[in-house]
There are 4 protein chains.
Amino acid sequence: MSFLADLLSTVFERRYRAGPTAQTDSRPIEELAAALVGSQGEMSGLALAQQILVRFDGLDDAEKLALFHHFERDMDIDPDTVREALAAYEHAPTKDSYRSFMEASEPRRQELIRRLNSVPGATGQLVRMRADLLRLGRGDPTLEPLDLDFRHLFASWFNRGFLVLRPISWQSPAYILDKIIAYEAVHAIDSWDDLRGRLQPADRRCFAFFHPSMPDEPLIFVEVALTRGIPGSVQDLLAGQRKILPATEADTACFYSISNCQAGLAKISFGNLLIKQVAADLAAELPGLATFVTLSPIPGLARWARDQEVLLDGSDDTDPASAAAHFLLKVKAPDGGPSDPVARFHLGNGALIHAIHTGADTSAKGMAQSAGVMVNYLYDLDKVTRNHEKFATERAIAASPEVTSLAAGHAPARSEES
Amino acid sequence: MSFLADLLSTVFERRYRAGPTAQTDSRPIEELAAALVGSQGEMSGLALAQQILVRFDGLDDAEKLALFHHFERDMDIDPDTVREALAAYEHAPTKDSYRSFMEASEPRRQELIRRLNSVPGATGQLVRMRADLLRLGRGDPTLEPLDLDFRHLFASWFNRGFLVLRPISWQSPAYILDKIIAYEAVHAIDSWDDLRGRLQPADRRCFAFFHPSMPDEPLIFVEVALTRGIPGSVQDLLAGQRKILPATEADTACFYSISNCQAGLAKISFGNLLIKQVAADLAAELPGLATFVTLSPIPGLARWARDQEVLLDGSDDTDPASAAAHFLLKVKAPDGGPSDPVARFHLGNGALIHAIHTGADTSAKGMAQSAGVMVNYLYDLDKVTRNHEKFATERAIAASPEVTSLAAGHAPARSEES
Amino acid sequence: MSFLADLLSTVFERRYRAGPTAQTDSRPIEELAAALVGSQGEMSGLALAQQILVRFDGLDDAEKLALFHHFERDMDIDPDTVREALAAYEHAPTKDSYRSFMEASEPRRQELIRRLNSVPGATGQLVRMRADLLRLGRGDPTLEPLDLDFRHLFASWFNRGFLVLRPISWQSPAYILDKIIAYEAVHAIDSWDDLRGRLQPADRRCFAFFHPSMPDEPLIFVEVALTRGIPGSVQDLLAGQRKILPATEADTACFYSISNCQAGLAKISFGNLLIKQVAADLAAELPGLATFVTLSPIPGLARWARDQEVLLDGSDDTDPASAAAHFLLKVKAPDGGPSDPVARFHLGNGALIHAIHTGADTSAKGMAQSAGVMVNYLYDLDKVTRNHEKFATERAIAASPEVTSLAAGHAPARSEES
Amino acid sequence: MSFLADLLSTVFERRYRAGPTAQTDSRPIEELAAALVGSQGEMSGLALAQQILVRFDGLDDAEKLALFHHFERDMDIDPDTVREALAAYEHAPTKDSYRSFMEASEPRRQELIRRLNSVPGATGQLVRMRADLLRLGRGDPTLEPLDLDFRHLFASWFNRGFLVLRPISWQSPAYILDKIIAYEAVHAIDSWDDLRGRLQPADRRCFAFFHPSMPDEPLIFVEVALTRGIPGSVQDLLAGQRKILPATEADTACFYSISNCQAGLAKISFGNLLIKQVAADLAAELPGLATFVTLSPIPGLARWARDQEVLLDGSDDTDPASAAAHFLLKVKAPDGGPSDPVARFHLGNGALIHAIHTGADTSAKGMAQSAGVMVNYLYDLDKVTRNHEKFATERAIAASPEVTSLAAGHAPARSEES
């Protein structure tokens, strides 16, 4: 195991990265890209790839956008070539005809991205490059195929088999903790003391997925509270003065915050795997844990209520819990799944809507998003597969009888969107 | 750096791997494969993938071969679908039409391999699967496209950016050293004492490339001797009783053995990168090093000589060194490159044929392959790029004046093959 | 090296420590101590020692003080026994007579401390025990012999050969950085951002000594600024907005803060070794470094000036720099060494008084202690041994000609204390 | 934990050690030793200590012996000084009088050894120095006091709190395994394959104690077999072809070999602690383990039988098992404890003589020492303390009823030695 541990601590990797770039090649970056895709030797290829990455970092947004359009337009497939190669392969499926078809049917920009990735440390840069693409290309459909190319390659490179789960704790290096503070997306971390309160107590845990080629960057992380009973208020959970529970006395692991860290990995899904891996690890470490549950926001609730002219502030006889149950169970997106994105995520993972709590998140953000209402999604490891399948095939939403009755108690103000 | 080092030492990874497989799914493995490619959820996908990998391990050779034929035949592209998708994309290049074309033009067996790889630890199994394919499919052209699919994915997964260079030393774990003994392909390692002689002395080094998802398996390694002057005899180099040179007094690093370890990674080339990375690392560690050179076998020499009725044993007036120089410089493969595979490799990397030595490898294997003759390929870091390019474009072979004269001195016995 | 690294990461050590203490032994702690010193077996000894350490932690100050007096009074040597054993050894110096003398001449409390230390993790507790002793025993001469026993053993356990130097950086674990903030004694660290400013920039370094049995506790640390030229103002050094210098461009390493961390290790000296080791390490890492120097406070200056009715605030014609030079070079403690403790430390290490700066520390503390004046002590590695020896034997103070002239320029207001 | 792990991997420590020694000091080593003990500064002290250690390594045996005599004779206590200091302390027990007494009553050679130990890496050299002393001083009573000084200091430095337990496995570095082969003292390891058979199988374990200042050197190690039932034959245990037992199916951990590694640590006892720590660790890792037992030789049996003219080879009606039981239970050393050293060790630890097996070690050594008879000592963790105490106070030997009856069945040939 120590060898395994050592594997990545390769001083020279960093030296390599920091190393002097070959002297600057003054050709336009488009020409460098063409040369890289055409280059034979790995040797000159590496130097070219480094050159392109350095040059890209120096571009301004307009130049980046122009380059993305160049990739999309000028490094696309050539339909005629594809057709010819296909016909040849159909006629005589040999090694050569197959290779020709493979090459023809894959746009050269994919090979470009793949070759850029051969520079040590480049993976993170490519993830940032896609973040640029998503940011700059928003609303421009002509760039969407290029984004699919990135996604196709990233799905292959960031598959579960390559990811590494790491606990994040008060023993973690400060530069990693810096990023936890920066990336926390659900319940903001105000200060190092706030962070300490989420990592150091015996009844708190945090886990993140990393990729070996981006060891300084968490991809996604989850914060966990070990509790007795299922918690119904995030204020209580985060209270600085609460009594610390010895981990061995906990019966419940509550996932109270899940944050994706990399804009450039949008739609590469890690959350499902993370929750299940962490649940399995905690169950093995703490045999007393019997319940795995979230305490989750309902980010779409307040907006829906506004649209529906439902009042959630108690000023009429609407029960906010009933309204929330109704929203989660009945209000659908165009594809037939639940409208709320967090509900889609957990139900898609096979979780069940277990309970709904009012006054559960009284922060400004919590009140604005969902009038303080939160929800527990329950991960019953015996049932997640069945729940998941029924959700995937029939859009069936699993819920506890209590939540089902709650939803039934909500009298819709007017007809609802689908 | 310690966090980096820790990244992979994740106990649970191993737990995960060793963990109980989901209960056995009795469907035929072909059906499991179809289900995996069709599966929506990562959840059931992971279980399916594990199932397939376990089942594959239990197949006999005939069953494996049948399965490979199934992959090749029944999970190939469908030309009509490709044509339609291509037409649609050509007509209106949108996100959806591009996605349809991407899916249609990639055989489902590629997606299958990609999904199998999502099981932690699967990468090594897939490498062994390709080794099976190469072994069982030898001479069967219908399986060559399937092999191209493996190569395509492996080239992406084993790109330089993901590889990690590690020194191998007498401080390395025994189970890694076991594999060095097993994989040494050039000058066999007879015993642990023999191994110790190549790792422990101050004037010896060994380096290997690893992949983070196969941390127990070296991919390729190189053995290096630090010397004063360029060595001309591998016996002298490996002599047990030689005087150990303090590393700081060496002026030359001699790469005397390079071994690929994984049959399943055939044609995924690491050697060029390894040599250059090791040279760069050694140069940084030991500023006294001025020369980077190999001491290499000429595996094709004896066979060629036999074919040409050239005698290399001194029984006529043929000078074996001249004959070897001639063979290396003048005898070509059908593609116009040198006939000798080791020469192709080093010349392709940009090395230069520096010197030829007779009586340089008097082992049984050395005498049988090349009548004891060996060659130094010189890596002059200032010239490798130029050499490489001239070799790649013009098939020009760089050689020292001495070797060029030597070659000129050889009177061919009869006309030579190309 | 990885095995070496692994050596201490022994999970069970922690388990052991955290493990259930043997059931409580209700005898008075004095009896437990007597039993431990008398105990034969290591087995029961370990349980006794654990018991005593746990019990000690629960004592209040009065009880601790009483226990210290018990150690001092009732576990002292017995003069008659020493005399007899001495006579026997003098008469016949055998193994047995020597052993008897060794046992008789060492108070049993030393053996008690030694046996307490056999509990994994106990070393840190013993250091805290001595801190209690120093705190509670202040002004009580009867407890000074007990303190000498602690010092005697600590000097043996914390010798240089057992210490480990570690860089402290933004990659260090948060719980270690917590302690750096807490222990910084010279220029207080206000916040994590302040800490980051001292650790993360390329021109900052920090190093600490650790002991393998107290791996969570730095013993002493030094903060270093890499600069061009010798700095003369700590404000400039710590300025948040300054320009970061690439480390390779620095010619000077300035030790601007040295803090002892453990009250319980008072008078066990690490500072000299730390400075020299860090200087040697930095010199090896950064060949451009030519000068090793401190930027140090003069903590005794303001008090001396007050006593001497010297005004340092510019309200008369006293030159504060001259006064400081005079103070450092001429004002002596009763033992003939310099009165200022920081000067004693650096001059004792062989450093030279290089320069004096006014307006160099304008913080409240800096103004109060030394009217803002600071001093550079220069570590000229070629001369430290000679300086050290002249200081040790003749109390000779090494100073630059500039500082010597400065001192000569100070007209003492009235006769000075020694 | 990773920081902890990192603590010792300090590159510079090695650099330091390897670093250039200060220029050679040509004074006689005796003078250097005197200077070191007298030296004030840690600085010159370190250089002196390094000098002495290097010089000592170059001495031949006669010179070493002379130096030991010098230490013993000329660096001893001075009785008159001790008497004066004692009187002064008795008269007025102050800090100063106590310090004077401490200094007077401790021979300067102890301080010498302590100061030598301040050189990084010196601890191992001092252990070898004591090994030299034990070897060269054998039979010379005048050197025994010097040995007591070493033991006194080593007991303090090698106390349990500083030791680190490490598993030794096929993942351990080769240079550590080298030492396991070299130091195995009970059942010799013939080859790396033999070693692999003791480390790699799932039903084998090995553990060693290390000291942080000698990380390359195991101090003591134990080899463990995990079995079902208590084994009665070491041949069966070590058989290459046996069936490997999954560790979780084992109910018994059998300690079949314990080897001390360092001659220079003779009489510094680690074995008791090692067995109990390993038993505790294995019990925590494998809850199925219910029995902790040894399979031990009886090294004194054959010699005793010869002396007693007891035949153990079956050539008369002596039952070798009865004779062995009798020997273990009844035959005493002068101090009243059992004559057999292995029995003394395990009984002293609180173990019980559980069973006796004939034909249990048929190796040449096993036949010669004990006619092939072996014994199981049982560590019943609930009873070891009681057994230990009864053994320590009353010399009472705990044994199973079977072994007690066996012993009763032996008819002594003639009266026995005590």
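Position labels on residues start from 1 in each chain and follow its written sequence. For this description, chains carry letters from A and ligands carry numbers from 1, given in the order in which they are written. Reporting in this predicted model follows two pLDDT cut-offs: at least 70 for local features of residues, and 80 or more for side-chain atom pairs to be given and counted; totals over whole chains, interfaces and linings ignore these cut-offs and use all residues. Just so you know, side-chain values use all the structure's heavy atoms and leave hydrogens and water out.

**What about the environment of Gly197(A)?**
Residues and elements named next belong to chain A.
- Segments assigned H or I by DSSP are reported as helices when at least four residues long, segments assigned E as strands when at least two residues long, and all are numbered from the N terminus. Within the secondary structure, Gly 197 is located in helix α12 (residues 192–199).
- With 44 residues separating them along the chain, Gly 197 and Gln 241 place their C-alpha atoms 9.9 Å apart.
- Sequence-distant contacts of Gly 197, defined by excluding residues within four places in its chain, comprise Arg 204 and Arg 242. Throughout, a contact is declared for two residues whenever any of their heavy atoms are within 4.5 Å.

**Some remarks on the packing of aromatic side chains**
- Aromatic rings from Phe, Tyr and Trp, taking only the six-membered ring of Trp, are treated as a pair when their centres fall within 6.5 Å; an angle between ring planes under 30 degrees marks them as stacked, one over 60 as edge-to-face, and anything in between as tilted. Going through the model one piece at a time under the given rule, you end up with 44 aromatic pairs over all chains.
- Considering the side-chain rings of Tyr89(A) and Tyr98(A), the 5.2 Å spacing of their centres and the 45° angle between planes classify their relative orientation as tilted. Neither Tyr89(A) nor Tyr98(A) differs from the other in exposure class; each is buried.
- An aromatic cluster is defined as three or more aromatic residues linked by ring pairs; in this entry it consists of Phe150(A), Phe154(A), Trp157(A), Phe158(A), Phe162(A), Phe150(B), Phe154(B), Trp157(B), Phe158(B) and Phe162(B).
- Geometrically, a lysine NZ or arginine CZ counts as sitting over a ring once it is within 6 Å of the ring centre and also within 35 degrees of the ring normal. Cation over ring: Arg395(C) sits above Phe391(C), and NZ or CZ is 5.8 Å from the ring centre. When a residue's accessible area, from a 1.4 Å probe over protein chains only, is under 20% of the maximum for its type it is buried; when over 50% it is exposed; and in between it is partly exposed.

**Observations concerning the side chain of Ser105(B)**
- Structurally, Ser105(B) is set in helix α7 (residues 95–105).
- Identification of polar contacts relies on pairs of N or O atoms within 3.5 Å, with a donor-acceptor requirement for protein atoms, meaning one able to donate a hydrogen and the other able to accept it, and with residues adjacent in sequence counted only if both atoms are side-chain atoms. Only 3.4 Å separates the side chain of Ser105(B) from the backbone oxygen of Met102(B), close enough to count as a polar contact.
- Not counting residues within four places of it along the chain, the set of residues in contact with Ser105(B) comprises Phe101(A), Ser105(A), Ile77(B) and Val82(B).

**A word on the pairing of strand β3 (residues 220–227) of chain C**
Residue and element names in this part refer to chain C.
- Burial of β3 is extensive: eight of the eight residues sit out of reach of the surface.
- The alternating pattern of β3 places Ile 220, Val 222, Val 224 and Leu 226 and Phe 221, Glu 223, Ala 225 and Thr 227 on opposite faces, both of which are buried.
- Here strand β2 (residues 204–210) runs beside β3; their pairing, made up of six bridges, is antiparallel. Within β3, the residue paired with Ala 208 across the bridge is Phe 221.
- Strand pairing is assigned whenever DSSP detects at least two bridges linking the two strands. Direction of pairing for β3 relative to strand β4 (residues 252–260): antiparallel, over a ladder of eight bridges. Within β4, the residue paired with Ile 220 across the bridge is Asn 260.

**Side note on the pattern of salt bridges**
Residues and elements named next belong to chain A.
- The term salt bridge refers to a side-chain nitrogen of Lys or Arg lying within 4 Å of a carboxyl oxygen of Asp or Glu. If you walk through the whole model with that rule in mind, you get 96 salt bridges over all chains.
- The residue Asp 203 makes a salt bridge to Arg 204 at a minimum N-O spacing of 3.9 Å.
- For Asp 203, a relative accessible area of 2% puts it in the buried group.
- In this structure Arg 204 comes out as buried when scored by relative accessible area, which is 5%.
- A salt bridge links Glu 285 to Arg 205, with the shortest nitrogen-to-oxygen separation between them at 3.1 Å. Pair noted here: Glu 285 is in helix α14 (residues 271–285) and Arg 205 is in strand β2 (residues 204–210), with a separation of 80 residues, a long-range link.
- Taking relative accessible area as the criterion, Glu 285 reaches 44% and is therefore assigned partly exposed.
- Through salt bridges with shared partners, a single ionic network connects Asp 61, Lys 64, Asp 132 and Arg 135.

**Considerations on the confidence of the model for chain A**
- The predictor attaches a confidence to each residue, and that confidence, scored 0 to 100, is pLDDT. The predicted model of chain A averages 89 in pLDDT, with 92% of residues at 70 or higher.
- Here residues 1–21 of chain A is modelled with pLDDT under 50, and outside its nearest four sequence neighbours on either side it reaches 67 contacts, counting other chains as well.

**Digging into the pairing of strand β5 (residues 291–294) of chain B**
All names here are of chain B.
- One ladder, built from four bridges, connects strand β4 (residues 252–260) with β5; its direction is parallel. The partner of Phe 255 across the bridge, within β5, is Thr 294.
- When the strands point away from the viewer and the connection leading from the first strand across the helix to the second strand turns clockwise, the crossover is called right-handed. The parallel pair β4 and β5 is bridged by helix α14 (residues 271–285), and the resulting crossover is right-handed.

**Some words on the state of the cysteines**
Residues and elements named next belong to chain B.
- The definition used for a disulfide is geometric: two cysteine sulfur atoms within 2.5 Å. One pass over the structure, following the stated rule, counts zero disulfides over all chains.
- With no disulfide partner, Cys 254 has as its closest neighbouring cysteine sulfur the one in Cys 206, 14 Å distant.
- Between Cys 261, a free cysteine, and Cys 206, which holds the nearest cysteine sulfur, the sulfur-to-sulfur gap is 9.2 Å.
- Take Cys 261: its relative accessible area is 7%, and that puts it in the buried class.

**Some words on the side chain of Arg198(B)**
Residue and element names in this part refer to chain B.
- Tracing the sequence through the fold places Arg 198 in helix α12 (residues 192–199).
- For Arg 198, the side chain forms a polar contact with the main-chain oxygen of Ala 188, separated by 3.0 Å.
- Look past the residues within four positions of Arg 198 in its chain and what remains in contact with it is Glu 184, His 187, Ala 188, Ile 189, Arg 204, Glu 223, Leu 238 and Tyr 256.

**Side note on the nonpolar core**
- Nonpolar cores are built from buried Ala, Val, Leu, Ile, Met, Phe, Trp, Tyr and Cys residues. Side-chain atoms within 4.5 Å join them into one set. Counting 181 residues, the largest nonpolar core has Phe158(A) and Phe158(B) as the members making the most contacts within it.
- With residues near it in sequence (within four places) discarded, Phe158(A) still touches Thr123(A), Val127(A), Leu163(A), His211(A), Met214(A), Leu219(A), Leu265(A), Ile268(A) and Phe270(A).
- If you look at the next biggest cluster of nonpolar residues, it comprises 180 residues, including Leu46(C), Ala321(C), Phe327(C) and Phe270(D).

**With respect to helix α19 (residues 384–394) of chain D**
Residues and elements named next belong to chain D.
- Along α19, the residues that are buried comprise Val 384, Asn 387, His 388 and Phe 391. For α19, the arc enclosing every buried residue in end-on projection is 100°, short of the 170-degree limit, so these residues lie on one face. Residues of α19 that are exposed and angled more than 90 degrees away from the buried face: Arg 386, Thr 393 and Glu 394.
- One or two positions beyond α19, positive phi appears at Arg 395, with a value near 60°. The directions from the helix axis to the C-beta atoms are what the arc is built from.

**Quick word on the domain arrangement of chain A**
Residue and element names in this part refer to chain A.
- For the domain bounds, the source is a domain assignment made automatically or taken from a database. Annotation of chain A at the domain level lists domain 1 (25–157), domain 2 (160–292) and domain 3 (296–418).
- Tallying the contact residues gives 11 residues for domain 1 and 11 residues for domain 2.
- Defined here as a combined quantity, buried area equals the accessible surface (1.4 Å probe) lost by two parts on assembly, summed across both. When the two sides are added together, the surface that domain 1 and domain 2 hide from each other amounts to roughly 890 Å², 65% of it contributed by carbon and sulfur.
- When the buried area of domain 1 at its contact with domain 2 is split by residue, Val 127, Arg 151 and Trp 157 rank highest and sum to 42% of it.
- On inspection of domain 1 and its partner domain 2, the count reaches zero salt bridges.
- Every element with two or more residues in the side of domain 1 that touches domain 2 is listed here: α9 (122–136) and α10 (144–157).
- Sort the elements by how many residues they give to the side of domain 1 that touches domain 2 and α9 lands first, with six residues.

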